[in-house]
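As a plain string of letters, each chain reads:
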Amino acid sequence: MQLWARSHHNSDDVRNLQNLNHFHEYYIIVTMSYGDEMIFIYKYKTPTNHDFVGLTPSKIMGFVGACLASLALMSNSAWAATATDTMTVTATVPDTCIITADDLAFGDYNPFSGSVLNGASTVSVTCTTGSTFNVGLNQGGGSGATVATRKMTSPASDTLNYSLYQNPGRTTVWGNTIGNNTVSSTGIGSAQVFDVYGQISASQSVPPGSYSDTITVTVTF
């Protein structure tokens, strides 16, 4: 904040309060620097330089305090004006699922043991919270295979029958028809693991060799 005096006879002659002897009519002009701008706050006229000579530091500070009080009132009114608006923020989270399936390895099968050979694997499904989904297993790639009787095939095109089930007792076939033989659930936002129970039926007369099949696992949501 600055205090200035202005001459009545020369309106362009603006001087600091320290140089008052040549003035015939005197003013106190209060301004405030705001960034690069000089803002006019208050002007006070005094008839002679004697009023300036009598200004003590405490009187000057009292005058400045009064100006600051006026400035505070101004800042609470005209300078405090605001305008507002709103913005809408949106996002969309669609139903989403990811699925991973582990391989199922039965190991060695003895066609003369008279016993079935069981095996198991897992399917992991992660879906958005609240998304309903179905997990299906197709019949595989063996010639003549169905979801009830799938077929592993050797390089010589021999086949070995097996089945995939939803339950440990191996009584509920896991197929690919929604509402009939798929596994359904609701997403929780994290991985849900489903066991796949496999079984090779007993006493199949097949040549020795390596047998394999490929099952397509599908999650529908």
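None of the values given here were measured: they were computed from a predicted structure. (Residues numbered from 1 in each chain as written. Predicted model: local features only at pLDDT ≥ 70, side-chain atom pairs only at ≥ 80, totals over all residues. Heavy atoms only, no water.)

For the chain, the count of helices and strands is 2 helices and 12 strands. Along the chain direction, N to C, the helices and strands of the chain fall in the order β-β-β-β-α-α-β-β-β-β-β-β-β-β. A burial count over the chain gives 31% of its 221 residues as buried. If you take every contact in the chain between residues at least 6 apart in sequence, the share linking residues at least 24 apart comes to 63%. Counting every atom, the chain has about 13900 Å² of accessible surface; 52% of that belongs to carbon and sulfur. (Helix = DSSP H or I, 4+ residues; strand = E, 2+ residues; numbered from the N terminus. Buried < 20%, exposed > 50% of the residue type's maximum accessible area, 1.4 Å probe, protein only. Contact = heavy atoms within 4.5 Å. Areas by Shrake-Rupley, 256 points an atom, 1.4 Å probe, with all protein chains shown as cover.)

Per the stated rule, a full pass over the model turns up 2 aromatic pairs. For the pair Phe-106 and Tyr-162, a centre-to-centre distance of 6.2 Å together with 65 degrees between the ring planes defines the contact as edge-to-face. Placement of the pair is Phe-106 in the loop between strand S5 (97-101) and strand S6 (117-127) and Tyr-162 in strand S9 (residues 159-165), with a sequence separation of 56 residues. Of the residues examined, Phe-106 reaches a relative accessible area of 14% and is grouped as buried. Look at Tyr-162 and you get buried, because its relative accessible area is 5%. With centroids separated by 6.1 Å and ring planes inclined at 75 degrees, the aromatic side chains of Phe-133 and Phe-194 adopt a geometry described as edge-to-face. One end of the pair, Phe-133, is in strand S7 (residues 132-137); the other, Phe-194, is in strand S11 (residues 191-200), with 61 residues separating them in the sequence. (Phe/Tyr/Trp six-rings, centres within 6.5 Å; stacked < 30°, edge-to-face > 60°.)

Along the chain, Val-173 falls in the loop between S9 and strand S10 (183-186). Distance from Val-173 to Thr-149, taken between C-alpha atoms, is 9.3 Å for residues 24 residues apart in sequence. Beyond its immediate sequence surroundings of up to four residues, Val-173 is in contact with Val-147, Ala-148, Leu-164, Tyr-165, Gln-166 and Asn-181.

Looking at the chain as a whole, the pLDDT averages 80, with 64% of positions reaching at least 70. Throughout residues 1-26 the model reports pLDDT below 50, and contacts reaching past four residues in sequence, or to other chains, amount to 66 contacts. Ignoring residues within four places in sequence, the model shows residues 48-53, a span with pLDDT below 50, making 12 contacts including any to other chains. (pLDDT = per-residue confidence, 0-100.)

Glancing now at the nonpolar core. Across soluble globular proteins, you tend to see nonpolar side chains buried next to one another. If you look at the biggest cluster of nonpolar residues, it comprises 21 residues, and the most contacted ones within it are Val-125, Phe-133, Val-135, Met-152, Trp-174 and Ile-200. Contributing elements (two or more residues each) for this core: S6, S7, S9 and S11. Top contributing element to this core by residue count: S6, with 4 residues. (Core = buried A, V, L, I, M, F, W, Y, C linked by side-chain atoms within 4.5 Å.)

Time to look at the sheet that holds strand S12 (residues 217-220). Ordered by their spatial adjacency, 3 strands build an open sheet running S10-S7-S12, and the pairing between neighbours is antiparallel. Of all the strands in the sheet, just S10 and S12 have a single pairing partner and so form its edges. Adjacent strand axes in the sheet meet at a mean angle of 20 degrees when their direction is disregarded. Examined bridge by bridge, S7 and S10 share 4 bridges and lie antiparallel to one another. In the sheet register, Phe-133 faces S10, and the bridge partner there is Ser-185. (Pairing = 2+ DSSP bridges. Axes fitted to C-alpha atoms, helices over the stretch in contact; angles between N-to-C directions.)

Let us look at the sheet that holds S9. Strand pairing in a sheet relies on backbone hydrogen bonds. The paired strands run either parallel or antiparallel. On the basis of which strands lie adjacent, the open sheet formed by 5 strands has the order S5-S6-S11-S9-S8 and antiparallel pairing. Each edge of the open sheet carries a strand with a single partner, namely S5 and strand S8 (150-153). Ignoring strand direction, the axes of neighbouring strands in this sheet form an average angle of 30 degrees. Relative to S11, S6 is paired through 10 bridges, and the arrangement is antiparallel. The residue bridging Asn-118 from the neighbouring strand is Gln-199, located in S11.

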